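Structural overview
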Amino acid sequence: MHPLSRSRLEQGSLCCLLLLGCIVGVWLSLRQMLPEVLQTALLRQQLFPWLLLEMAGFLLCSGLAGFSAVGQPVACAALFLHGMWFGWSILQQMTTHAVRVLLWLMPYGIGASFLLLLAARETLWLSNLFFCYAFHRQWEENMPHCRRLYLVRYAVILGLFSGLSLLCLGLQKLQALWMTLVWWKNRGSGSREPARTGY
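Here goes a summary of the coordinates provided. (Residues numbered from 1 in each chain as written. Predicted model: local features only at pLDDT ≥ 70, side-chain atom pairs only at ≥ 80, totals over all residues. Heavy atoms only, no water.)

**Quick word on the overall build of the protein**
The secondary structure content of the protein amounts to six helices and zero strands. Each helix (α) and strand (β) of the protein, taken in turn from the N terminus, gives the series α-α-α-α-α-α. Taking the intrachain contacts of the protein between residues at least 6 apart in sequence as the baseline, contacts between residues at least 24 apart amount to 81%. When the accessible surface of the protein is summed, it comes to about 12,400 Å², and 68% of that surface belongs to carbon and sulfur atoms. (Helix = DSSP H or I, 4+ residues; strand = E, 2+ residues; numbered from the N terminus. Contact = heavy atoms within 4.5 Å. Areas by Shrake-Rupley, 256 points an atom, 1.4 Å probe, with all protein chains shown as cover.)

**A short note on empty space enclosed by the protein**
The final tally for this structure, using the stated rule, is one cavity of 30 Å³ or more. Broken down by secondary-structure element, the contributors of at least two residues to the lining of the largest cavity are α3 (47–65), α4 (72–95) and α5 (102–136). In terms of residue count, the dominant contributor to the lining of the largest cavity is α4 (three residues). Split into classes, the residues belonging to the lining of the largest cavity amount to four nonpolar, two polar and one charged. (1 Å grid on protein atoms, 1.4 Å probe; cavity = no way out; pocket = protein on both sides within 12 Å on 5 of 7 lines; lining within 4 Å. Points joined across faces, edges and corners; volume = space filled by probe spheres on them. Nonpolar A, V, L, I, M, F, W, Y, C, P; charged D, E, K, R; others polar.)

**Things to note about a nonpolar patch on the surface**
Nonpolar side chains collect at one region of the surface, where Leu174, Leu177, Trp178, Met179 and Leu181 lie side by side and expose about 560 Å² of accessible area between them. With respect to the helices, strands and loops of the structure, Leu181 is situated in helix α6 (residues 143–192). (Patch = residues over 30% accessible without salt bridge, like charges linked within 9 Å, V, L, I, M, F, W, Y side chains within 5 Å. Salt bridge = Lys/Arg side-chain N within 4 Å of Asp/Glu carboxyl O.)

**Things to note about the environment of Ala134**
Position of Ala134 among the secondary structure elements: in helix α5. Residue Ala134 is classed as partly exposed on the basis of its relative accessible area, which comes to 35%. (Buried < 20%, exposed > 50% of the residue type's maximum accessible area, 1.4 Å probe, protein only.)

**Let's talk about α3**
If you check α3, its first and last C-alpha atoms are 27 Å apart, about what 19 residues at 1.5 Å a residue would give, namely 27 Å. For α3, the set of buried residues is Leu47, Phe48, Leu51, Glu54, Met55, Phe58, Leu59, Ser62, Gly63 and Ala65. All buried residues of α3 project into a common sector of 160 degrees when viewed along the axis, lining one side. Of the exposed residues in α3, those oriented more than 90 degrees away from the buried face are Pro49, Leu53, Leu60 and Leu64. (Expected span 1.5 Å × (residues − 1). Arc of directions from axis to C-beta.)

**Observations regarding the nonpolar core**
Within the largest apolar cluster, 41 residues are counted, with the highest numbers of intra-cluster contacts made by Leu51, Met55, Leu59, Leu79, Leu105 and Tyr108. Apart from the residues lying within four places of it in its own chain, the contact partners of Tyr108 are Phe48, Leu51, Leu52, Met55, Phe161, Leu164, Ser165 and Cys168. (Core = buried A, V, L, I, M, F, W, Y, C linked by side-chain atoms within 4.5 Å.)

**Side note on the packing of aromatic side chains**
All told, the structure shown has three aromatic pairs when counted by the stated rule. On the numbers, 5.4 Å between centres and 90 degrees between planes, the contact of Phe67 with Tyr150 is edge-to-face. Pair noted here: Phe67 is in the loop between α3 and α4 and Tyr150 is in helix α6, with a separation of 83 residues, a long-range link. Measuring from ring centre to ring centre gives 5.1 Å for Tyr150 and Tyr154, while their planes differ by 50 degrees; the resulting arrangement is tilted. Taken together, the positions of Tyr150 and Tyr154, both in helix α6 and four residues apart, correspond to about one turn of that helix. Both residues of the pair, Tyr150 and Tyr154, belong to the buried class. One aromatic cluster is present, built from ring pairs that chain together Phe67, Tyr150 and Tyr154. Over the aromatic face of Trp125 sits the side chain of Arg153, whose NZ or CZ is 5.3 Å from the ring centroid. (Phe/Tyr/Trp six-rings, centres within 6.5 Å; stacked < 30°, edge-to-face > 60°. Lys NZ or Arg CZ within 6 Å of the ring centre and 35° of its normal.)

**Here's the deal with the side chain of Glu54**
If you trace the backbone, Glu54 turns up in helix α3. Of note is the side chain of Glu54, whose polar atom sits 2.7 Å from the side chain of His82. Other than its neighbours up to four places away in sequence, Glu54 contacts His82 and Trp85. (Polar contact = N/O pair within 3.5 Å; in protein donor to acceptor, adjacent residues only side chain to side chain.)

Structural data, given as structure tokens:
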């Protein structure tokens, strides 16, 4: 198979895996099979720390899996589970009428999914090189360069993830500030309204 066609097939498979995870997450949310601890976090609007912890864990697992000859399933599993969690979160916010959370949740979810796709692609690339050496004894002479390139690319992905997290955290704070201002405005309007007395 042509390398370009193989790369496109690999990227398409990873996108389908992510989409499948989203569909499964939506289905589990509709069946109310969300773990109780996650339901509590969602209802208390403590979603953002969970999202950061989930994404950081998946990036770490996927990054370490790249140095293993059999690390491909780990990267695929991280992508699928991330899709499940994203589908869970989106539908849960819609069903609890917390649609305003989608102001920062949608950009974060789409950006994090894109970064995890890039991370999974890099993991498969390096893991396949180790696989070729472990089972076919075909050691690449530029393997040290490949490892350095892998680390540099992962550092860029982590940097982009940090920037995305800060951006969405800022959107979350602005949203909370806006809601507070609206509440104070409504409260002030209510207090200035003259009391109605009937005669």
